[in-house]
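Next come the chains, spelled out residue by residue.
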2 protein chains.
Amino acid sequence: MQADRILSIQSHVVFGYVGGKAAVFPLQCMGYDVDVVNTVNFSNHSGYGRSGGSKATAAELKSIFESMEQNELLLPSRLLTGYIPGAEALSAVQALAQKLKNSKPSLLYLLDPVMGDAGRLYVAPDVIPVYREMLPLASIITPNWFEVELLTDIKLRDIQSLQRALICLHKRYRVPDVVISSIPLTPWLRDALPKRIQPPSDNDHLLCLSSSLSGTESNLTQATPSIVHAQCVHLIPGYFSGVGDLFAALLLGHFHPNRPTPSEDSTPLSVAVSAALVKTHSLLQFTHEQSLQLPSEERQPSDDELDSANPLRKTRRMRGRELALIQGQDIIRGKDLDNTSPLKPWDDFWKSYIPNSVDKSPYVDLDALI
Amino acid sequence: MQADRILSIQSHVVFGYVGGKAAVFPLQCMGYDVDVVNTVNFSNHSGYGRSGGSKATAAELKSIFESMEQNELLLPSRLLTGYIPGAEALSAVQALAQKLKNSKPSLLYLLDPVMGDAGRLYVAPDVIPVYREMLPLASIITPNWFEVELLTDIKLRDIQSLQRALICLHKRYRVPDVVISSIPLTPWLRDALPKRIQPPSDNDHLLCLSSSLSGTESNLTQATPSIVHAQCVHLIPGYFSGVGDLFAALLLGHFHPNRPTPSEDSTPLSVAVSAALVKTHSLLQFTHEQSLQLPSEERQPSDDELDSANPLRKTRRMRGRELALIQGQDIIRGKDLDNTSPLKPWDDFWKSYIPNSVDKSPYVDLDALI
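The rules behind the values
- All residue numbers refer to position in the chain's written sequence, counted from 1.
- Numbering of ligands from 1 and lettering of chains from A proceed in the order in which they are written.
- Local features in this predicted model are restricted to residues whose pLDDT is 70 or higher, and side-chain atom pairs enter the listing and the counts only when it is 80 or higher, whereas totals over whole chains, interfaces and linings include all residues.
- Remark: hydrogens and water are excluded; side-chain values derive from all non-hydrogen atoms of the structure.
- Put simply, DSSP H or I for four residues or longer makes a helix, DSSP E for two residues or longer makes a strand, and each gets a number counted from the N terminus.
- A radius of gyration in this sense is built from C-alpha atoms; the matching globule rule multiplies 2.2 Å by the number of residues raised to 0.38.
- For each residue, the accessible area found with a 1.4 Å probe, counting protein chains only, is set against the maximum for its type, and the residue is called buried under 20%, exposed over 50%, and partly exposed in between.
- Any two residues whose heavy atoms approach within 4.5 Å are treated as being in contact.
- Accessible surface is estimated by sampling points in the Shrake-Rupley manner with a 1.4 Å probe; for residues, cover comes only from the protein chains shown.
- Each reported salt bridge corresponds to a side-chain nitrogen of Lys or Arg within 4 Å of a carboxyl oxygen of Asp or Glu.
- Here a polar contact is recorded for every N or O atom pair within 3.5 Å, except that within protein the pair must consist of a potential hydrogen donor and a potential acceptor, and residues adjacent in sequence are included only if both atoms are side-chain atoms.
- Two strands pair under a simple rule: DSSP has to find at least two bridges between them.
- Angles run from 0 to 180 degrees between N-to-C directions of axes, and those axes are lines fitted to C-alpha atoms, restricted for helices to the stretch in contact.
- The length a helix should cover is 1.5 Å for every residue beyond the first.
- Note on terminology: a nonpolar core comprises buried Ala, Val, Leu, Ile, Met, Phe, Trp, Tyr and Cys residues joined through side-chain atoms within 4.5 Å.
- To superpose the copies, least squares is applied to the C-alpha atoms of every residue with a pLDDT of at least 70 in both.

1. What about the overall build of chain A?
Argument step 1. Each helix and strand in chain A was counted, giving 14 helices and 12 strands.
Argument step 2. In terms of overall dimensions, chain A is globule-like: its C-alpha atoms have a radius of gyration of 20 Å, near the 21 Å expected for 370 residues.
Argument step 3. Over its C-alpha atoms, taken along the principal directions, chain A stretches across nearly 55 × 55 × 40 Å.
Argument step 4. Looking at chain A as a whole, 59% of its 370 residues qualify as buried.
Argument step 5. Considering only residue pairs separated by 6 or more positions, chain A has 74% of its internal contacts joining residues 24 or more positions apart.
Argument step 6. A total of about 14,900 Å² of accessible surface is found on chain A, and carbon and sulfur atoms cover 51% of it.

Here you go:
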């Protein structure tokens, strides 16, 4: 059981499983030595309504990175970054990522550009340009729907805008592997999906999409700029925190760009996304089942009015929905896992795509695209 | 796999395995949900000679504890505390431990009074009285030889002083379970040992001793104030960091005071110490074997002169001796473990002990004892 060393830079909470608490244990179970930098030290995630603790300052992060460099401890072959509060701290991480990439060009960097969700920004807006600058350092990025819009400045409203956004990420920002998980199945998206990817019903499914240049360069053409895979995922009722952090960690842990893929119609990325997705979904399902056994006060549905009258109502609900990572750790180790539903190729994703002059240059001028 | 929830309060390092990095993953593997409070956030342990990062202030710790209380997240059934720098931060932890104990008297609290080793103090001296105040809150303590001396003010120089120190910890400080691991086998200690506990040779062994009031009250008398067990442990060459932190975590994880013990001559404490000891020793042996395969520059023996001429020489040695917790995680899960050498009862430990008047009171006056 000898594997790589991963440097993880993200939030820490004392109680519950988000940020590093959702990412580090799974990676350790998978056999990775994980170097753990805590960008914040909070009592719990923000969904509880209140939390204590503090953020690491940019100076504190730099002091850690400098000592690690002096002590020859910057040895990761993989880098994972998540929630980093504020542009100054993020710039410190950017400088470190650049240094690591310079000294080891094979570094696999999964950048999760944690900025917001569903139209709501939960970082300071000045982190957006820093994340854009960092994208060329990344091997894989895992933005959600809203974060794709923030990074590309392209509103995703039809298949053409989705194509333009992927082109922007792959060509302007030179990201070889892009994964957008949890896309709401709007009518235009559902209609664009190949029949074999479409779910039986719309409302209770999300789409997970991967778009890859890796290991597939020979198949790529002007008309097919990337290999796209997708899968619909059954939505589990209720909001769970830390799911994106867990998914990103599992994705990096399962990504092996130099291993042969099991079939011709898969890419190293689609294989890793499939594994991360089935484990994440199994853990969510397991958490959901565990939470059904909790006392009723821990299972109250979301209700802003009742919650504001009694803040502990919300707190208890949050507690009942913490990921059951520990009880479900056999899932992480891949025991008895259903591997029968890998991501499927979305063969005609680029069918309606018309390469234009700007796309012919390796680095597209974003302003010309949007 | 449903187990208890443990609140762990100790140091965090980015690289390597000491403090929380040595304790949390093993407990998670054993099925415990662990709430993790980081008392420092450093790049690496102090043995590397330099480290970056910062300590949590008492105010930051209090802010975390207060939010957890408000959010009803102070739910541990077990508490584990390790390195806490400075008396003010330690007092904040003391207040928390008192609060937890008040609200849940069955709380199992393993207090590792991390203060120093081999005659050298590595915390501020003003933590000593705070630790003494905290002892009555503890279920188990795991001081080393030197820390026993600091806590009891009794110099350990013969079997009588060892007896007096244990009496002081059990009676004055009301600690039901005391474990002193890694005691150097000085001639008086070796001579006092029953034959079946004595090792074949002195120099390469340490003694691990446990002294328990738990689950054994009926057997205790004035002449036999506690049940003592011991075992000699073969010393593995070289200095490894984090071993005490790992041992304390495994000990707490294996301690089940209400479960029947496998044999009449064991206590819940001796059973837990046996399990923790065999796992710790196996992991050390495994780490040692792994380190033998490192390049020679990572295996240079300690040499202060050469180290000071080339600080990286020391750094590389430290790196090569980080506990191989991840690669050896099957040991933590107890697979293929040799459980054939449990701690043995030291039946005549109290033979030479003469109860005096002060020992008859439940709380002994320390000054009268020493």
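2. Some words on the interface of chain B and chain A
Argument step 1. Each side of the interface is counted separately: chain B has 51 residues, and chain A has 51 residues.
Argument step 2. Taken together, chain B and chain A are joined by 4 salt bridges.
Argument step 3. The salt bridge partner of arginine 319 of chain A is glutamate 72 of chain B, with a shortest N-O separation of 3.6 Å.
Argument step 4. Here chain B and chain A share 32 residue pairs in polar contact (both at pLDDT 80 or more) between them.
Argument step 5. When residues of the side of chain B that touches chain A are traced back to their parent elements, those giving at least two are strand E1 (5-13), helix H1 (20-29), strand E2 (33-42), strand E3 (53-55), helix H2 (58-70) and helix H11 (311-320) of chain B.

3. Regarding the sheet that holds E2 of chain B
Pairing between the strands of a sheet comes from backbone hydrogen bonds, and it takes one of two forms, parallel or antiparallel.
Residue and element names in this part refer to chain B.
Argument step 1. Sheet architecture is open: 10 strands sit in the order E3-E2-E1-E4-E5-E8-E9-E10-E11-E12, paired in mixed fashion. Looking at strand neighbours, the two that pair on one side only are E3 and strand E12 (344-345), the edges of this open sheet.
Argument step 2. Relative to strand E9 (residues 177-184), strand E8 (residues 140-141) is paired through 2 bridges, and the arrangement is parallel. Looking at the pairing, isoleucine 141 lines up with valine 178 of E9.
Argument step 3. Seen against the sheet, helix H6 (residues 159-172) touches E8, E9 and strand E10 (205-212) and runs at an angle of roughly 150 degrees to E9.

4. Some remarks on H6 of chain B
Since the α-helix turns once every 3.6 residues, residues separated by three or four places project in the same direction.
Residue and element names in this part refer to chain B.
Argument step 1. In this model H6 runs 19 Å from its N-terminal to its C-terminal C-alpha over 14 residues, within 8% of the 20 Å that 1.5 Å per residue would give.
Argument step 2. Burial of H6 is extensive: 10 of the 14 residues sit out of reach of the surface.
Argument step 3. Within the sequence span of H6, burial applies to Ile159, Ser161, Leu162, Gln163, Ala165, Leu166, Ile167, Cys168, Leu169 and His170.
Argument step 4. Looking one or two places after H6, you find arginine 174, whose phi comes out positive at around 55 degrees.

5. Describing the sheet that holds strand E3 (residues 53-55) of chain A
All names here are of chain A.
Argument step 1. Spatially, the 10 strands line up as an open sheet ordered E3-E2-E1-E4-E5-E8-E9-E10-E11-E12, and their pairing is mixed. Of all the strands in the sheet, the pair left with one neighbour each is E3 and strand E12 (344-345).
Argument step 2. Sheet analysis places strand E11 (residues 227-234) next to E12, joined by 2 bridges and oriented antiparallel. Its bridge partner being in E12, alanine 230 is matched across the sheet by lysine 344.

6. Thoughts on the nonpolar core
Argument step 1. Counting 88 residues, the largest nonpolar core has Leu80 and Leu251 of chain A together with Leu80 and Leu251 of chain B as the members making the most contacts within it.
Argument step 2. Residue contacts for leucine 251 of chain A: discarding those within four places in its chain leaves Leu110, Ile140, Thr142, Val179, Leu269, Ala272, Val273 and Ala276 of chain A.

7. Overview of the relation of the copies chain B and chain A
Argument step 1. With an RMSD of 0.0 Å, the operation that places chain B on chain A is a rotation of 180 degrees combined with a shift of 0.0 Å along the axis. Between the two chains, the operation in question is that of a two-fold axis. Among all C-alpha atoms of chain B, that of phenylalanine 25 of chain B lies closest to the rotation axis, at 3.4 Å.
Argument step 2. Interface residue correspondence from chain B to chain A reaches 100%, placing this contact among same-surface, isologous pairings.

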